[in-house]
Amino acid sequence: TEAIVATGETSPSPCVHIWSLVTLEPLKIIKTFHKNGILNMEFSKDGVFLITVGIDLFYSIQVTKWKSEEIIAFRNTVSACIFSVLFNPFDKYEFVTLGYGNIAVWNIEEHTLLRKEGIHVNDYDHYSPVIFTTGTYFNYRVIFIDKEIF
C-alpha cells in the first residue's frame, strides 16, 4: 500500500492533486466538475474512492476512482455548507455529510448518489442552529462529540 495524500485547488475549475508521501512527488492531477474550489475530501477505507465536496453554490459532491481518474458520480446537494464527509468504514458505497444544520447519509449506486437519510436540525424545536463539523461511524450510527444523533 502506498502512502498518499490528496489536496484540492481553489479555482473556477478545481483539480485534485494526489501526492506520494514517500517520494513527495505528484502522482495524479484529477479534474472535477466542482466550481470555485474543493472544500473537503475523503478516501474510502480501501483507498479505491475519493469523495470531494465543492465550494460551489450547492456544495456538490463528486466520487472518483482516483487511480483510473474515473468519475463515478456527481451531484449537487443543498445550499447549506458541508463541512465534513465520512465514508462508512464497513461499506465503501455509503458515506455521511455533515454541515450547517444538517446530516445526510448517502449511497453510491452505480453512477448515482442517492440521499438515503437526513437530519435537519431546524425540524427540531429544541435545537438552536448548529454546525456539525466532525463525526465518526460507530455501529452504523453517527455519534457526535457535542450532540448525540440517533
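Residues numbered from 1 in each chain as written. Predicted model: local features only at pLDDT ≥ 70, side-chain atom pairs only at ≥ 80, totals over all residues. Heavy atoms only, no water.

Caption draft 1: Geometry of the pattern of salt bridges. Per the stated rule, a full pass over the model turns up three salt bridges. Notably, a salt bridge pairs Lys 92 with Asp 46, separated by 3.1 Å at the nearest N-O pair. In this pair, Lys 92 is assigned in strand E9 (residues 91-99) and Asp 46 in the loop between strand E4 (38-43) and strand E5 (49-54), connecting sequence segments 46 residues apart. On the basis of relative accessible area, Asp 46 is assigned to the partly exposed category, the value being 44%. Notably, a salt bridge pairs Glu 94 with Lys 116, separated by 2.4 Å at the nearest N-O pair. Here the residue Glu 94 occupies a position in strand E9, and Lys 116 occupies one in strand E11 (residues 112-120), the gap between them amounting to 22 residues. Looking at Glu 94, the relative accessible area reads 7%, which means it is buried. (Salt bridge = Lys/Arg side-chain N within 4 Å of Asp/Glu carboxyl O. Helix = DSSP H or I, 4+ residues; strand = E, 2+ residues; numbered from the N terminus. Buried < 20%, exposed > 50% of the residue type's maximum accessible area, 1.4 Å probe, protein only.)

Caption draft 2: Representation of the sheet that holds strand E7 (residues 70-75) in the model. In space, the four strands of this open sheet follow the order E4-E5-E6-E7, with antiparallel pairing throughout. Both outer strands of the open sheet, E4 and E7, are each paired with one neighbouring strand and no more. Here the strands of the sheet are splayed against their neighbours by 20 degrees on average, with no regard to which way each runs. Examined bridge by bridge, E5 and strand E6 (residues 61-65) share five bridges and lie antiparallel to one another. Residue pairing in the sheet places Thr 52 in a bridge with Gln 62 of E6. (Pairing = 2+ DSSP bridges. Axes fitted to C-alpha atoms, helices over the stretch in contact; angles between N-to-C directions.)

Caption draft 3: Here's a closer look at the confidence of the model for the protein chain. Considering every residue of the protein chain, the mean pLDDT works out to 81; 77% of them sit at 70 or more. Taken element by element, the protein chain is modelled with least confidence in strand E13 (residues 141-143), mean pLDDT 43, and with most confidence in E6, mean pLDDT 97. Counting contacts from residues 137-150, a segment whose pLDDT is below 50, to residues more than four positions away or on other chains yields 34 contacts. (pLDDT = per-residue confidence, 0-100. Contact = heavy atoms within 4.5 Å.)

Caption draft 4: Layout of unusual backbone geometry. At Asn 36, a residue that is not glycine, the phi angle is positive and equals roughly 80 degrees. When you line up the elements, Asn 36 lands in the loop between strand E3 (26-31) and E4. Judged by relative accessible area, which is 43%, Asn 36 ranks as partly exposed. Its identity as a non-glycine residue notwithstanding, Glu 110 has a phi of 55 degrees, on the positive side. Note on placement: Glu 110 falls in the loop between strand E10 (102-109) and E11.

Caption draft 5: Up close: the side chain of Ser 20. Residue position: Ser 20 is located in strand E2 (residues 15-20). In this structure the side chain of Ser 20 is engaged in a polar contact, spanning 3.2 Å, whose partner is the backbone nitrogen of Val 22. Not counting the four nearest positions on each side in its chain, Ser 20 is found in contact with Glu 2, Ala 3, Glu 25 and Leu 27. (Polar contact = N/O pair within 3.5 Å; in protein donor to acceptor, adjacent residues only side chain to side chain.)

Caption draft 6: A look at the sheet that holds E2. Taken in spatial order, the three strands make up an open sheet running E1-E2-E3, and their pairing is antiparallel. The sheet terminates laterally at strand E1 (4-8) and E3, the two strands that pair on one side only. For this sheet the average axis-to-axis angle between neighbouring strands, irrespective of direction, equals 20 degrees. The pairing of E2 with E3 spans five bridges and is antiparallel. What sits directly across from His 17, in E3, is Ile 29.

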